[in-house]
Amino acid sequence: MVPLPAPPHATATRSAALIALGCGLAAALVILGILHSLVIAAAFAAAALVVTGGLIAARRLFPATASTAIEPDWSVARALAASSPDAIAVTDRAGRLVCANDRYEALFGGFPTAPGLPLDAGGVDRLGSAGRAAWRDGAASVDRLAVKGAALSADVTRVGEDENLLVWRFFASQGLDLAKTMENLIAGATGDRLGSAGIMAALINPDGRIRAANRVLRSRAMGQEDGAIIGRDFARFLITDAQGMARFEREGLTRNPLRVLQIPFLDGEDAPMLVALIDEEEGHAAIGESASAHIRSLVSLMPFGVALIGGDGRFLQMNDAFARAAAVDPASPPIYPGDLLVREDKGVVADAIRRFAGGATHSTDLAVRLKDHPDEPVALSIAGARGLGDSAVLLSLKDNSEETRLKREVAQATKMQAVGQLAGGVAHDFNNILTAIIGHCDLMLMRHSPGDSDYDDIQQIRANSNRAASLTRQLLAFSRQQTLRPQVLQLPDVISEVSTLLKRLLGETVTLTVKHGRNLSPVRADPGQLEQVVVNLAVNARDAMIAKDPRGVGTLTIQTYAVTAAQVRKLGSDILPAADYVVLEVADTGGGIPPDILPKIFEPFFTTKEVGKGTGLGLSTVYGIVKQSGGWIFADTVKSGPKGASGAVFTIYLPVHTAGALVDATPAKALPREKPADLWGSGTILLVEDEDMVRAVAERALARQGYTVLTAEHGEAALELLARCDRPDLLISDVMMPLMDGPTLVRQVRARYPDLPILFMSGYAEETIRKSIDLDNVAFLAKPFSVQELAEATRDVLRAK
């Protein structure tokens with residue numbers, strides 16, 4: 001899936017949803033606090049009001065407009081679209097082309113925007129009508145589109161969390177595909193097998209000329225197997241006797257008559273007709289048992305789903321393709337077509353079968369729902385059957401399970417990306433609030449000493465605020481926006497560091513087994529985040545073992561081993577790219593993961609635990625950390641042991657780090673950070689922050705350290721202030737601000753002061769911010785930060801000047 005330039009977007013959310021989320025997070029802080037203290041209760045009540053007001057202000061920071069769109073994760077969608085032979089493109093509400101796959105580029109000679117494609121006359125209008133119908137109804141289809149002489153059909157589907165995207169899928173018209181497939185089958189080995197069963201088969205164009213014929217028909221009609229029969233008039237090879245029985249002209253009236261079967265397997269005036277000829281005993285006007293056997297052989301060889309229905313509406317025969325598409329249980333085959341359908345669709349299909357059994361000539365297509373898959377409509381074609389013995393109606397069912405699966409996975413990827421954007425935006429706003437709470441706590445602690453009546457209460461507020469900050473880090477981890485500090489490391493070293501903690505978490509009833517493979521290559525990841533991955537998986541495994549056995553007896557196995565690119569290719573995975581990996585596997589002896597829950601375990605806020613015992617962020621955090629580290633994670637339920645004990649196993653593939661030597665894999669431990677005697681400084685600092693509470697805390701903190709602080713609420717106000725004041729010694733600015741953001745402000749300031757030191761602060765991850773900032777020599781401070789961290793960052797930037 002090739003992403004195309006799209007308009008920049010902001011993380012806009014509805015105020016009601018933000019208020020609900022903000023109040024929920026504030027409530028979590030209150031629960032974590034000490035409720036028996038009136039002082040603390042009042043503090044948390046104020047914090048809740050700050051949360052609500054701050055989140056309402058987010059609408060001013062990120063105004064939601066009609067053009068706001070949440071981009072899907074096109075790296076996920078690319079793997080899905082690349083597996084399809086169809087041309088696929090996505091457009092937004094404004095009609096702009098967001099992305100398209102390689103097949104789309106090859107088919108249309110570039111990236112023209114649908115519906116304005118190089119189609120035949122009238123095709124653009126019909127495609128545009130289908131697009132408008134998709135916006136209105138959710139889905140639409142159009143066929144008989146001509147591109148470069150090829151006939152195409154198109155499906156248009158409305159997708160997206162806000163239903164603000166259209167997926168355009170172009171594929172070869174079903175009729176042409178089936179006709180070409182039937183042509184190849186008749187002229188090839190399948191036609192020979194029909195001939196051995198006594199069936200002479202031909203594909204006849206609407207003008208009566210032969211398009212394809214099997215070997216036995218060529219031999220009987222022309223006297224030689226390699227005769228030039230293609231393009232000849234089929235009727236000229238036949239003659240009829242006084243009773244109306246057909247025979248081959250070259251054989252005369254002395255040979256057995258022929259039974260001519262016409263099978264309209266395609267709809268449309270220009271569709272070819274499948275004709276089968278069967279020798280019939282003279283004097284028998286009806287098809288005998290041998291001819292019925294020939295028909296059954298013909299139907300069973302059809303490459304698409306076909307079933308024959310008798311005059312009483314019962315199934316006479318269905319081929320394997322039909323049974324597979326309809327999910328027929330061989331142990332209990334259906335009697336009537338309605339047995340396969342949901343109750344609402346049975347009457348419509350029954351009426352159509354009665355109509356065609358009574359003599360209706362034209363075929364029809366119906367969108368029906370199978371009772372085993374009621375949420376996935378399938379296309380059912382119904383036509384009258386003539387000359388097929390007891391058969392009165394012919395049914396054709398298209399197997400679109402693969403297409404439906406791809407649509408479902410694209411929709412799931414879009415939904416997960418949207419939730420990730422929402423989680424990242426909420427975490428950013430909440431980080432601003434936590435910065436103010438932590439900063440005010442630090443300022444209050446400067447006026448109190450240990451032993452004061454309020455000192456412990458302030459410390460408790462600060463501790464709970466730090467716990468809330470860890471929750472926002474989980475949200476950022478899920479949305480893959482947390483700040484990582486990757487290092488080149490050996491995976492066994494990380495497991496060794498966290499093993500002691502795991503033994504305390506698991507308890508004495510759980511046996512921890514650690515196994516390491518040999519010759520493991522280094523990987524590049526954040527060791528702290530990897531430890532969080534292992535801890536989260538271990539805690540989930542412990543809970544699963546307790547749920548299975550209240551005593552909590554079980555075994556947690558952690559092992560690491562290497563997997564080569566050749567071994568990955570043997571796995572045949574459509575998701576995991578072929579490369580060298582170091583694998584981390586965490587397995588338990590719990591009850592395993594039920595198949596209906598397995599696809600949902602990495603979704604945010606999904607949990608099977610009781611209310612109040614799980615946030616649903618543990619596995620989604622693991623997923624976000626692994627994906628942001630460039631890895632892959634898979635979950636499964638396995639059975640092991642002599643009694644077939646089941647358990648869950650999580651397998652994490654981390655790509656091998658090839659840059660650098662092995663000696664660099666285990667970096668030396670960092671020296672303890674030098675703590676200066678004081679953090680006092682001097683000079684003028686221009687502080688630009690749109691959040692009043694954060695700006696107030698930062699201004700007071702810097703002023704207490706001896707700096708002269710000038711403040712501005714956004715970029716334009718900062719430029720006006722610089723025009724009236726002398727050059728500052730340092731510019732501290734938020735990144736995301738209304739009217740003018742931080743990077744734009746810095747570019748204009750550096751045009752006047754090229755060597756001015758810059759310190760950015762943001763609630764988003766540093767990696768995410770730096771990707772959008774094309775500026776050199778800028779420092780970064782992540783929110784929430786304490787007064788101490790702000791003072792240290794300011795001192796370090798000024799020292800490096």
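In what follows, the structure referred to is the one given above.
We now turn to the structure provided with this report. Computed from a predicted model, the values in this text were never measured in an experiment. (Residues numbered from 1 in each chain as written. Predicted model: local features only at pLDDT ≥ 70, side-chain atom pairs only at ≥ 80, totals over all residues. Heavy atoms only, no water.)

## Things to note about the overall build of the protein chain
Here's step 1: Of regular secondary structure, the protein chain possesses 22 helices and 29 strands.
Here's step 2: Residue burial in the protein chain is summarised as follows: out of 801 residues, 46% are buried.
Here's step 3: Residue pairs in contact within the protein chain that sit at least 24 positions apart in sequence constitute 62% of those at least 6 positions apart.
Here's step 4: With an accessible surface of roughly 39,300 Å², the protein chain has 53% of that area assigned to carbon and sulfur atoms. (Helix = DSSP H or I, 4+ residues; strand = E, 2+ residues; numbered from the N terminus. Buried < 20%, exposed > 50% of the residue type's maximum accessible area, 1.4 Å probe, protein only. Contact = heavy atoms within 4.5 Å. Areas by Shrake-Rupley, 256 points an atom, 1.4 Å probe, with all protein chains shown as cover.)

## Description of the pairing of strand β12 (residues 273-279)
Here's step 1: Counting buried positions over the seven residues of β12 gives five, a clear majority of the element.
Here's step 2: Bridge analysis of strand β7 (residues 199-204) against β12 gives six bridges, and the strand direction is antiparallel. Bridged to M200 within β12 is L277.
Here's step 3: Pairing geometry for strand β11 (residues 258-263) and β12, over six bridges, is antiparallel. Each bridged residue has a counterpart across the sheet, and for Q262 the counterpart in β12 is V275. (Pairing = 2+ DSSP bridges.)

## Some thoughts on helix α17 (residues 618-628)
Here's step 1: Counting buried positions along α17 yields eight of eleven residues, so the element is predominantly enclosed.
Here's step 2: For α17, the full list of buried residues reads L619, S620, T621, V622, G624, I625, V626 and K627.
Here's step 3: Backbone geometry just after α17 places G630 at a positive phi near 85°.

## Some details on the packing of helix α18 (residues 692-704) against helix α22 (residues 787-799)
Here's step 1: Where α18 contacts α22, the two axes come as close as 10 Å, and the packing angle between them is 65°. Relative to α22, α18 is oriented so that their crossing is right-handed. Touching A698, A701 and L702 of α18 are V787, L790 and T794, all from α22.
Here's step 2: Its residues assigned to classes, the contact of α18 with α22 shows five nonpolar, one polar and no charged. (Axes fitted to C-alpha atoms, helices over the stretch in contact; angles between N-to-C directions. Left-handed = near helix turned anticlockwise from the far one by under 90°. Nonpolar A, V, L, I, M, F, W, Y, C, P; charged D, E, K, R; others polar.)

## Description of the nonpolar core
Here's step 1: L556, I558 and F650 are the most contacted members of the largest nonpolar core, which has 39 residues in total.
Here's step 2: Sort the elements by how many residues they give to this core and helix α15 (residues 527-548) lands first, with eight residues.
Here's step 3: I558 has contacts with I495, L502, L512, T513, V514, K515, V534, L584, E585 and V586, leaving out every residue within four places of it along the chain.
Here's step 4: Of all hydrophobic cores here, the second largest spans 24 residues; its members include A100, F108, L127 and V142. (Core = buried A, V, L, I, M, F, W, Y, C linked by side-chain atoms within 4.5 Å.)

## Describing the sheet that holds strand β27 (residues 730-734)
Here's step 1: With parallel pairing, five strands are arranged side by side in an open sheet as β26-β25-β27-β28-β29. In the strand order of this sheet, the two ends are held by β26 (708-712) and β29 (778-782), each with one partner. When strand polarity is set aside, the average angle formed by the axes of neighbouring strands in this sheet is 20°.
Here's step 2: Sheet analysis places strand β25 (residues 684-688) next to β27, joined by four bridges and oriented parallel. Bridging across to β27, L687 finds its partner in I732.
Here's step 3: Set on the sheet, helix α19 (residues 715-724) makes contact with β25 and β26; between it and β25 the angle comes to about 155°.

## Observations concerning the packing of aromatic side chains
Here's step 1: Per the counting criterion, the structure on display carries six aromatic pairs.
Here's step 2: Taken together, a centroid distance of 6.2 Å and an interplanar angle of 50° make the contact between Y104 and F170 tilted. Of this pair, Y104 sits in helix α4 (residues 102-108) while F170 sits in strand β6 (residues 165-172); the two residues are 66 residues apart in sequence, bridging distant segments of the chain. With respect to burial, Y104 and F170 carry one shared label: buried.
Here's step 3: Measuring from centroid to centroid gives 5.2 Å for F108 and F170, while their planes differ by 80°, and the two rings are edge-to-face. With F108 in helix α4 and F170 in strand β6, the pair connects residues that are 62 residues apart, well separated along the chain. For the residue pair F108 and F170, the accessibility class agrees, reading buried in each case.
Here's step 4: These aromatic residues form a ring-pair network of at least three members: Y104, F108 and F170.
Here's step 5: Stacked on the ring of W632, the Lys or Arg K627 has its end atom at 3.5 Å from the ring centre. (Phe/Tyr/Trp six-rings, centres within 6.5 Å; stacked < 30°, edge-to-face > 60°. Lys NZ or Arg CZ within 6 Å of the ring centre and 35° of its normal.)

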